[in-house]
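Descriptive structure summary
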Amino acid sequence: MTKGHITLVGGGPGAWDLLTIRGLRALEAADVILADHLGPAAELEDFLDLTGKEVVDVAKLPYARQVAQERINEMLVSYAREGKQVVRLKGGDPYVFGRGFEELQACAAAGLECSVIPGVTSAVSVPAAANVPVTQRGVTHAFTVVSGHLPPEHPKSLVDWSALAQVGGTIVVVMGVRNVRAIVEKLLEASLSPDTPAAVIQEGETDAQRVFFATAATLPDVMENNDVTSPAVYVFGEVAGLAHTG
């Protein structure tokens, strides 16, 4: 039987029209779409003719229902071995905290072709949706994107939060809602000024988007008092204060 092909498609942060043209063409050619919860998956029927396509929900919701990565890898391989054109539609960019390379490795190990179509990462586009640039001439020439899904001091954490606080530039935290208080405490302990401007954007680039501005010290309370939930991105740095100036 003819082998199929797997394409990892970055769906962008939320709105379907932030999907790339190349990604859209891959979806149009797909027989099977394995879709995340994030990105444009919820709007598939609104912009894509799904006639003859099988759509499989493989969402990995934070702290909720999840399809194991191993099972997703198995499905990619199984469908492709049936000769189908398979698209793995992922939120943001497949290679930015998306485990996309793990999926490519699983396909390669099974002797299957797999290509990758980049997507718009939420780490940059979601702050932009709130008029927060991650860099700005004369303000900062660097930004760091970090996953907050593990708290500081967690034995499996690979983030040196103390060093991060002293690097300078903008700090962008994704997947860090649950651990915001522990993260802020660690950053402040490691010399980040409590008056550093901060912003949090929930459901960025969607109709449900909410934005709150704070300082590093007040951000955890602001998020708690406004019931900010995942998905959300928060930012520390002088750039977070620029939205107020237009």
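What comes next is a walk through the structure.

What counts, and where the lines are drawn
- Residues numbered from 1 in each chain as written.
- Predicted model: local features only at pLDDT ≥ 70, side-chain atom pairs only at ≥ 80, totals over all residues.
- Heavy atoms only, no water.
- Buried < 20%, exposed > 50% of the residue type's maximum accessible area, 1.4 Å probe, protein only.
- Helix = DSSP H or I, 4+ residues; strand = E, 2+ residues; numbered from the N terminus.
- Arc of directions from axis to C-beta.
- Contact = heavy atoms within 4.5 Å.
- Pairing = 2+ DSSP bridges.
- Axes fitted to C-alpha atoms, helices over the stretch in contact; angles between N-to-C directions.
- 1 Å grid on protein atoms, 1.4 Å probe; cavity = no way out; pocket = protein on both sides within 12 Å on 5 of 7 lines; lining within 4 Å.
- Points joined across faces, edges and corners; volume = space filled by probe spheres on them.
- Nonpolar A, V, L, I, M, F, W, Y, C, P; charged D, E, K, R; others polar.
- Core = buried A, V, L, I, M, F, W, Y, C linked by side-chain atoms within 4.5 Å.

For an α-helix, 3.6 residues make a turn, and residues three or four places apart therefore share a direction. Among the residues of helix α1 (residues 21-29), those classed as buried are G23, A26 and L27. Take α1 and look down its axis: the buried residues cluster within an arc of 100°, on one side only. For α1, the exposed residues lying more than 90 degrees away from the buried face are I21, R22, R25 and A29. Elements in contact with the buried residues of α1: β1 (5-10), β2 (32-35), α2 (44-47), β4 (85-90) and β5 (113-117).

Okay, the sheet that holds β4 next. One open sheet holds the five strands; their spatial order is β3-β2-β4-β1-β5, and the pairing between them is parallel. Each end of this open sheet is capped by a strand with a single partner; those strands are β3 (54-57) and β5. When strand polarity is set aside, the average angle formed by the axes of neighbouring strands in this sheet is 20°. Where β2 lies against β3, four bridges are found, and the strand directions are parallel.

Taken as a whole, the second largest pocket spans an internal volume of roughly 180 Å³. Among the secondary structure elements, those contributing two or more residues to the lining of the second largest pocket are α6 (161-167) and β7 (170-174). Looking at the lining of the second largest pocket residue by residue, the classes come out as seven nonpolar, seven polar and two charged.

Moving on, we come to the nonpolar core. Counting residues in each nonpolar core, the largest one holds 25 residues, and the members touching the most others are L187, V200, L219, M223, Y234 and F236. Elements that contribute at least two residues to this core include exactly α6, β7, α7 (180-189), β8 (197-202), β9 (210-215), α8 (219-225) and β10 (232-236). For this core, the leading source of residues is α7, giving four residues. In this structure Y234 touches I171, V172, V173, G176, V177, N179, V180, I183, A199, V200, L219 and M223, once residues within four positions along its chain are discounted. Among the nonpolar cores identified, the runner-up in size contains 18 residues, and A80, V86, A110 and L112 belong to it.

Take it as geometry only, folks, not as evidence of what the structure does.
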